[in-house]
Amino acid sequence: MNIRVFVVDDHTVVRSGVRAEVGDLVDIVGEAGDVQAAITGIRDVEPDVVLLDVHLPDGGGRAILDAVAPTHPHIRFLALSVSDAAEDVLAVIRGGAHGYVTKAISGPELYEAITRVHAGDAYFSPRLAGFVLDAFRGTAPPGMDPELDLLTPRERDVLRLVAVGYTYKEVGARLSISARTVETHAAAVLRKLRLSNRRELSRWATARRLI
Amino acid sequence: MCRARRWHRTCSARDDGAVSPRWLVALGFVGLVLVVWLSWAIGHTPAPGPVVMFSSVVAVLGLAVGPWLILVGRRLVRSAAGGPAGVIFSRSLVFAAIIGFGGPILAIVALDEPYSPTLVMVSTAISGLLALVGGIVLPWGYLLTRTITKERAARVRAEERAAVAAHLHDSVLQALTVIQKRTEEPEVRRLARGTERELRAWLYGIPASGDFTGGVTAVAEEIEDRYDVVVELVTVGTCPLDPPATAVLGAIREALTNAATHAGVRRVSVFTETTDTELLALIRDRGRGFDPSVHTGPDRRGVADSIVGRMAQHGGSAVIRSAPGEGTEVELRMSP
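What counts and how
Residues numbered from 1 in each chain as written. Chains lettered and ligands numbered in written order. Predicted model: local features only at pLDDT ≥ 70, side-chain atom pairs only at ≥ 80, totals over all residues. Heavy atoms only, no water. Helix = DSSP H or I, 4+ residues; strand = E, 2+ residues; numbered from the N terminus. Areas by Shrake-Rupley, 256 points an atom, 1.4 Å probe, with all protein chains shown as cover. Pairing = 2+ DSSP bridges. Axes fitted to C-alpha atoms, helices over the stretch in contact; angles between N-to-C directions. Buried < 20%, exposed > 50% of the residue type's maximum accessible area, 1.4 Å probe, protein only. Polar contact = N/O pair within 3.5 Å; in protein donor to acceptor, adjacent residues only side chain to side chain. Contact = heavy atoms within 4.5 Å. Right-handed = clockwise from strand over helix to strand, strands pointing away. Arc of directions from axis to C-beta. Parallel < 35°, antiparallel > 145°, perpendicular 65-115°, else oblique. Left-handed = near helix turned anticlockwise from the far one by under 90°.

A. Structural context of the overall build of chain B. When you go through chain B residue by residue, the secondary structure sums to nine helices and five strands. Overall, chain B shows an N-to-C arrangement of helices and strands of α-α-α-α-α-α-α-β-α-β-β-α-β-β. Approximately 19500 Å² of chain B is accessible, and the part contributed by carbon and sulfur atoms is 66%.

Here you go:
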């Protein structure tokens, strides 16, 4: 059975674009262009995966996550955006999305991302991998649990290869580890991203914007 | 244009002829000081003759109220329709004038007694008070609140406009992405790519030029434009463009040129990371690939050598991983 996908984007061109790219591979069971319609629609059809635009009028993708994710934990969210603002992207990940892709993504890559997120794995686009490496740079500030706030060297290696466009399978082959281990590393990074000190991350995001 | 300019000049010339607001404020304060002095003098010095008394009271009150009246009047004129403030202003002045002149005239002409100092003083004081409240305080307060309301409305409008602009920017970026994905015309692609780059730079800030990341961004754009490929660039951290960093930049350019001309694909990925201990760059394509052990390939090995040579000169290393049909990855490492 195909994965049931719900598309939330305020640009019709994106919704029709997603249909054109992956419409044959997944079942697109609904779409919405604003926050309220999205919340009602998602609760109605209970899709497997929601493709979620980061920037929406009336609260953005984050508002939808906050409304739906607690009551429907089996629905997975994949963030989709043309935006380059790191803090917006990280906010959606921290809000519960399992991955982030840019809208320039090709059809096969988007399908791969949907499949991964549906399986409960984390999906990092090259850009998100870069954001994460940037967010976890340097050493942990005093008073914080270093286990929680720093990436292991292996996790960094994985993210670097993802940042230059490798798939998980290719990352595994390149580092001589199994694809399953790569997935485990990605899941660990996602968990650290959600648990890490909120203030640290937002300070980093602000500083980055000022550069 | 010329005419409008000349008109403007005569206009400002006339303004220059009028008393400047600064002088009016100074005069007004002098008047207020005199009011204090006068009220002290009335209580503590023997009363002078009625004429001296009356004219000094009128002069002091005029000096204390007049300048402020002129200031408020000018603001009412400048803000065009003064609305209720204008009505209050003009009526108060009329009543103030009637009471101010009417009281003394009544006292001198109509009453039997030759002179009633109380009536004169009371009518003058009422007139001054009326001018103060109706001509200055109320209109001023009205103008002030209206300015605040206007500013608030302007802020709300600006916020709305920003929200619309954010949506529009997203739409334009979206359209440019779709154009690049679907068109087969290199020139159209280049145009869309260039426009997207400019819009992004404006929206999210241009990377500081002169440092390593700025240099990599410039090289990526140059390769995109020259060879009609997409360079997917992810950068983490940056550092100054010292000689080793410049060498890495040169090697990245070589690797990108190599990929753009030989790999046969339209997409190349670049990742750079700068830490305190190391500068790392990965350049990767999913193109044709080649056998790194063969020296006599069509100038591939030569390019590879020049990348390795550049890095080695500054104590860095370059590893080139490739196999026919499996794409190419160039890994550059340099310790500062």
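Let us keep going from here.
B. Just the sheet that holds strand β4 (residues 317-322) of chain B, in detail. Residue and element names in this part refer to chain B. Within the open sheet, the five strands sit side by side as β1-β2-β3-β5-β4. Their pairing is mixed. A strand with exactly one partner marks an edge of an open sheet, and here the two such strands are β1 (230-236) and β4. The sheet shows a mean angle of 10 degrees between the axes of neighbouring strands, taken without regard to direction.

C. Representation of the side chain of Thr183(B) within the structure. All names here are of chain B. Its place among the elements puts Thr183 in the loop between α5 (117-182) and α6 (186-204). Judged by its relative accessible area of 15%, Thr183 falls in the buried class. Within the local environment of Thr183, its side chain forms a polar contact with the backbone nitrogen of Glu185, the two atoms lying 3.1 Å apart. Each residue touching Thr183, except ones within four places of it in the same chain, is listed here: Val188 and Arg189.

D. Quick look at the pairing of β1(B). Residue and element names in this part refer to chain B. With seven bridges joining them, β1 and strand β2 (residues 267-274) adopt parallel strand pairing. Its bridge partner lying in β2, Leu233 is registered against Val270. Between the parallel pair β1 and β2, the chain is carried across by helix α8 (residues 243-262), and the sense of this crossover is left-handed.

E. Main features of helix α1 (residues 12-22) of chain A. Residues and elements named next belong to chain A. Turning to α1, its buried residues number three or more, namely Val14, Arg15, Gly17, Val18 and Val22. Looking down the long axis of α1, one finds its buried residues gathered within 160 degrees of arc, a one-sided arrangement. Away from its buried face by more than 90 degrees, α1 exposes Thr12 and Ala20.

F. Broad picture of the sheet that holds strand β1 (residues 4-8) of chain A. Residue and element names in this part refer to chain A. One open sheet accounts for six strands, arranged β2-β1-β3-β4-β5-β6; its pairing is parallel. Two strands in the sheet have a free side with no partner beyond their single neighbour: β2 (27-32) and β6 (123-124). Pairing of β1 with strand β3 (residues 49-53) involves four bridges; the strand directions are parallel. Each bridged residue has a counterpart across the sheet, and for Val7 the counterpart in β3 is Leu51. Against the sheet, helix α2 (residues 35-45) makes contact with β1, β2 and β3, and its axis sits at roughly 170 degrees relative to β1, the strand it touches most.

G. Highlighting the packing of helix α8 (residues 153-163) of chain A against helix α9 (residues 168-175) of chain A. All names here are of chain A. At a minimum axis separation of 10 Å, α8 and α9 run at an interaxial angle of 125 degrees. Overall, the two elements α8 and α9 adopt an arrangement that is oblique. Judged by the sense of rotation from one axis to the other, the crossing of α8 with α9 is right-handed. Residues Arg154, Asp157, Val158, Leu161 and Val162 of α8 lie in contact with α9, whose contacting residues are Tyr168, Val171, Arg174 and Leu175.

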